[in-house]
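Descriptive structure summary
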Amino acid sequence: MPLHVPPAPAPALRSVLAALGSPTAVHEAHTPSLRALQGPVTAELPLPVHVLDRLDGSGRPAGSRPPRTRLTGWRFLIRSGDRFVAAADTRLTPDGWAFSHFFEGPYVAATERALRQAESLGKGYQPRLLSVPELYMLTLWLHGAVGADAAAGLPAAADLLVPLAPAPPGIAAFRPHPVSELLPVLTHRLTRSAPPVPPPVAAPAA
């Protein structure tokens, strides 16, 4: 079943296309494969990038509280011919969406593989990316609400998270996990790695 890829904000796509058309932007990118291309390239498969926040509003490690995510950008895969050679990230600025940078590496191929795998699951999903920076982890987030606003929403229990390679030790890459199973594991790791919260200081006796 095809995935329901959400439309990216038009300014985000325009900024990526402008960067692809700029010899300076391409030359300065740390992407040898992109700099070496001579044929046409396209920006495809826009994916909203959400970040899983580590701490709740009190500053304590997120444990029993519901997860919080926030949109940090849109990512486009850059195609040349029949393969994806790089990716482009955009970010939200006070003036709107703007091109951030090009990159290449394992996450490009891993994202393509995970998307193809998701199409064979037999159910419609809205693909997103969910980043867990503290664990150096990126997952393909398959959101069950295919018509939802791609910039909003929290991982539902029945949504799937597919860790991309390279995944943290002990977590299998490309294995779809229900959010209800994987998120507690990630939360436990984040809580365990967080610095201890000092106890409140008692007020001096009058």
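The preceding data block contains the structure.
The structure presented is a predicted model; accordingly, all values stated were derived computationally and were not measured.

**Side note on the overall build of the protein**
- Looking only at helices and strands, the protein has five helices and eight strands in total.
- The buried share of the protein, taken over its 206 residues, is 42%.
- Surface exposure of the protein reaches about 10900 Å², of which carbon and sulfur atoms provide 59%.

**So, the side chain of threonine 139**
- Within the secondary structure layout, threonine 139 lies in strand β6 (residues 137-143).
- Beyond its immediate chain neighbours, meaning those up to four positions away, threonine 139 contacts Arg128, Leu129, Leu130, Leu161, Val162, Pro163 and Leu164.

**Structural notes on helix α1 (residues 10-20)**
- Buried within α1 we find Ala12, Ser15, Val16, Ala19 and Leu20. Axial view of α1: buried residues confined to an arc of 135°, hence all on one face.
- Where α1 is buried, its residues touch α2 (23-28), α3 (32-35), β1 (42-52), β2 (69-80), β3 (83-93) and β4 (96-103).

**Observations regarding the pattern of salt bridges**
- Tallying each qualifying case throughout the model produces three salt bridges.
- Measuring nitrogen to oxygen at the nearest pair gives 2.7 Å for the salt bridge that ties arginine 75 to aspartate 89. Placement of the pair is arginine 75 in strand β2 and aspartate 89 in strand β3, with a sequence separation of 14 residues.
- With relative accessibility at 12%, the residue arginine 75 sits in the buried group.
- The class of aspartate 89 is buried, set by a relative accessible area of 12%.
- For the salt bridge of glutamate 112 with arginine 116, the shortest nitrogen-to-oxygen distance reads 2.7 Å. One end of the pair, glutamate 112, and the other, arginine 116, are both in helix α4 (residues 106-119), four residues apart, so they sit about a helical turn from each other.
- Among the residues examined, glutamate 112 registers a relative accessible area of 15% and is labelled buried.

**Comments concerning unusual backbone geometry**
- Put simply, alanine 165 and proline 166 share a cis peptide bond, and its omega is 5°.
- One can find proline 166 in the loop between β7 (160-163) and β8 (177-178).
- Phi at tyrosine 136 takes a positive value of approximately 50°, unusual for a residue other than glycine.
- Here tyrosine 136 shows up in the loop between β5 (126-132) and β6.
- A residue is classified by how much of its surface remains accessible, and tyrosine 136, at 71% relative accessible area, is exposed.

**Comments concerning the packing of aromatic side chains**
- Scanning the entire structure with this criterion turns up one aromatic pair.
- The interplanar angle of 50° and the centroid separation of 4.7 Å between the aromatic rings of phenylalanine 99 and phenylalanine 102 together place this pair among those described as tilted.
- The ring of phenylalanine 174 has arginine 113 lying over it, and the distance from NZ or CZ to the ring centre is 3.8 Å.
- A cation over a ring is seen here: arginine 128 above tryptophan 141, with NZ or CZ 4.6 Å from the ring centre.

**A closer look at the environment of phenylalanine 102**
- Take phenylalanine 102: it is sitting in strand β4.
- Along the chain, phenylalanine 102 and valine 16 lie 86 residues apart, while their C-alpha atoms are 9.1 Å from each other.

**Quick notes on the sheet that holds β6**
- Read from one edge of the open sheet, eight strands run β4-β3-β2-β1-β5-β6-β7-β8, paired in mixed fashion. Edge strands, defined here as strands with exactly one partner in the open sheet, are β4 and β8.
- Sheet topology places β5 next to β6; seven bridges connect them, and they run antiparallel. Residue pairing across strands places glutamine 126 opposite histidine 143, the latter belonging to β6.
- Seen against the sheet, α1 touches β1, β2, β3 and β4 and runs at an angle of roughly 40° to β4.
- α4 contacts β1, β2, β3, β4, β5, β6 and β7 of the sheet and is inclined by roughly 25° relative to β6.

Cut-off values and rules
- Residues numbered from 1 in each chain as written.
- Predicted model: local features only at pLDDT ≥ 70, side-chain atom pairs only at ≥ 80, totals over all residues.
- Heavy atoms only, no water.
- Helix = DSSP H or I, 4+ residues; strand = E, 2+ residues; numbered from the N terminus.
- Buried < 20%, exposed > 50% of the residue type's maximum accessible area, 1.4 Å probe, protein only.
- Areas by Shrake-Rupley, 256 points an atom, 1.4 Å probe, with all protein chains shown as cover.
- Contact = heavy atoms within 4.5 Å.
- Arc of directions from axis to C-beta.
- Salt bridge = Lys/Arg side-chain N within 4 Å of Asp/Glu carboxyl O.
- Phe/Tyr/Trp six-rings, centres within 6.5 Å; stacked < 30°, edge-to-face > 60°.
- Lys NZ or Arg CZ within 6 Å of the ring centre and 35° of its normal.
- Pairing = 2+ DSSP bridges.
- Axes fitted to C-alpha atoms, helices over the stretch in contact; angles between N-to-C directions.

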